[in-house]
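# A look at the structure
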Amino acid sequence: QPGVMPAAPRTAAGHRLKPLPSATHRLQARPRPATPRHKSGKSRCPARGAETPRSQGYVRVSTSSQVPDRQLKQLESECDEVSIEIAPGAARSRPVFDDVIASLKAGDCLVVLDLDRAFRSSIDAILTANILRERSVGFRILSLDVDTRTPEGEMFYGLVAVLAQYERRIISRRTREGLAAARGRGVRLGRPTRLQTDVIRDAHAWIAETGLPSRYVAALLGVSRITLQRGFRRVGLVNPTARRSADHSQARHVITVR
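One structure accompanies this document, and this report is about it.

For the rest of this paragraph, the subject is the layout of surface pockets. Vacant regions in the atomic arrangement are exposed by a probe of water-molecule size rolled over the atoms. Estimated volume of the largest pocket: approximately 370 Å³. Of all the elements in the fold, those that place two or more residues in the lining of the largest pocket are helix 3 (122-134) and helix 4 (151-184). The leading source of residues in the lining of the largest pocket is helix 4, at eight residues. Of the residues in the lining of the largest pocket, the class split is eleven nonpolar, five polar and seven charged. Taken as a whole, the second largest pocket encloses approximately 280 Å³ of empty space. Lining the second largest pocket are R188, R191, P192, T193, R194, L195, I200, T227, R230, G231 and R234. For the lining of the second largest pocket, the element with the most residues is helix 7 (residues 225-234), which contributes four residues.

Take a look at the structure:
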């Protein structure tokens, strides 16, 4: 109907998604229980300052092409709200996560599926857990069945954070070793070159013989001047245009001295 906003999309479980800034969505996972009423029909108001503890879920994916359904499916039944953030694991700025931490109050609980979904390192995880504990906020990791509101969960959480950091360093070391081995085999890493070595040498000889500017020759080859000059440096050649400019400058200097 005119003037009526369309309903927000729902998940497979029937929960409504509300758009938030910075490519974030908040999922209302469980409806709040109805406020009890007296026989007179008036609602019973809770004491001032007393709020129902809530479970706040946090989901992170590295890129927009990744689907957070695996995390959402397990968090929906455990959380009152779930916030989704799109950011790499090592990103220094995570505004959604910062907002979630700031919104938690005493008695609330932060819930994540995996440890690496919320923290960048074991130090980051332990420091955040200490901050939450000082604010009387709990922390749960569903995949490990860890709840820091219990002494056993707090101890196990510290061990898991150290092991997660160790695993990340092992993966990083293996990646560096693999790259070094590939370079040793002569594999060129990174983007493929636009110009082959023989094309670069022919272009260099042509510029040196004809005196054409590098920009003109680069346009004929379908690349930019910077790409052509970078190719000269890659094969150990000096840009003929730069050499000519240096020779002319020296000649003008000699004439001026005379």
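A complete count under the given rule lists three aromatic pairs for this structure. Arranged with centres 5.0 Å apart and planes meeting at 65°, the rings of Y58 and F97 form a pair that is edge-to-face. Here Y58 is found in strand 3 (residues 55-61), whereas its partner F97 is found in helix 2 (residues 95-103), with 39 residues between them in sequence. Where F119 meets F139, the ring centres are 5.5 Å apart and the plane angle is 75°; that geometry is what we call edge-to-face. Here F119, found in the loop between strand 5 (109-112) and helix 3, pairs with F139, found in strand 6 (residues 138-141); they are 20 residues apart in sequence, far enough to count as distant. What makes F119 buried here is its relative accessible area of 3%. When its relative accessible area of 1% is taken as the criterion, F139 is described as buried. Counting every residue linked through ring pairs, the aromatic cluster contains Y58, F97, F119 and F139. Across from the ring centre of F97, 4.4 Å away, lies the NZ or CZ of R94, which sits over that ring.

This part takes up the packing of helix 3 against helix 4. Helix 4 packs onto helix 3 with a crossing angle of 155° between their chain directions and a minimal axis gap of 8 Å. It follows that helix 3 is roughly antiparallel to helix 4 by the angle criterion. Where helix 3 approaches helix 4, its residues S122, A125, I126, A129 and R133 are matched on the opposing element by E154, Y157, A161, V162 and Q165.

So, on to a positive patch on the surface. The grouping of R191, R194, R230 and R233 at the surface amounts to a positive patch. Tracing the backbone through its elements, the reader meets R191 in the loop between helix 4 and helix 5 (197-210). Owing to a relative accessible area of 74%, R191 belongs among the exposed residues under this scheme.

Rules of the game
- Residues numbered from 1 in each chain as written.
- Predicted model: local features only at pLDDT ≥ 70, side-chain atom pairs only at ≥ 80, totals over all residues.
- Heavy atoms only, no water.
- 1 Å grid on protein atoms, 1.4 Å probe; cavity = no way out; pocket = protein on both sides within 12 Å on 5 of 7 lines; lining within 4 Å.
- Points joined across faces, edges and corners; volume = space filled by probe spheres on them.
- Helix = DSSP H or I, 4+ residues; strand = E, 2+ residues; numbered from the N terminus.
- Nonpolar A, V, L, I, M, F, W, Y, C, P; charged D, E, K, R; others polar.
- Phe/Tyr/Trp six-rings, centres within 6.5 Å; stacked < 30°, edge-to-face > 60°.
- Buried < 20%, exposed > 50% of the residue type's maximum accessible area, 1.4 Å probe, protein only.
- Lys NZ or Arg CZ within 6 Å of the ring centre and 35° of its normal.
- Axes fitted to C-alpha atoms, helices over the stretch in contact; angles between N-to-C directions.
- Parallel < 35°, antiparallel > 145°, perpendicular 65-115°, else oblique.
- Contact = heavy atoms within 4.5 Å.
- Patch = residues over 30% accessible without salt bridge, like charges linked within 9 Å, V, L, I, M, F, W, Y side chains within 5 Å.
- Areas by Shrake-Rupley, 256 points an atom, 1.4 Å probe, with all protein chains shown as cover.
- Salt bridge = Lys/Arg side-chain N within 4 Å of Asp/Glu carboxyl O.
- Lys, Arg positive; Asp, Glu negative; His and termini not counted.
- Charge placed at Lys NZ, Arg CZ, Asp CG, Glu CD.

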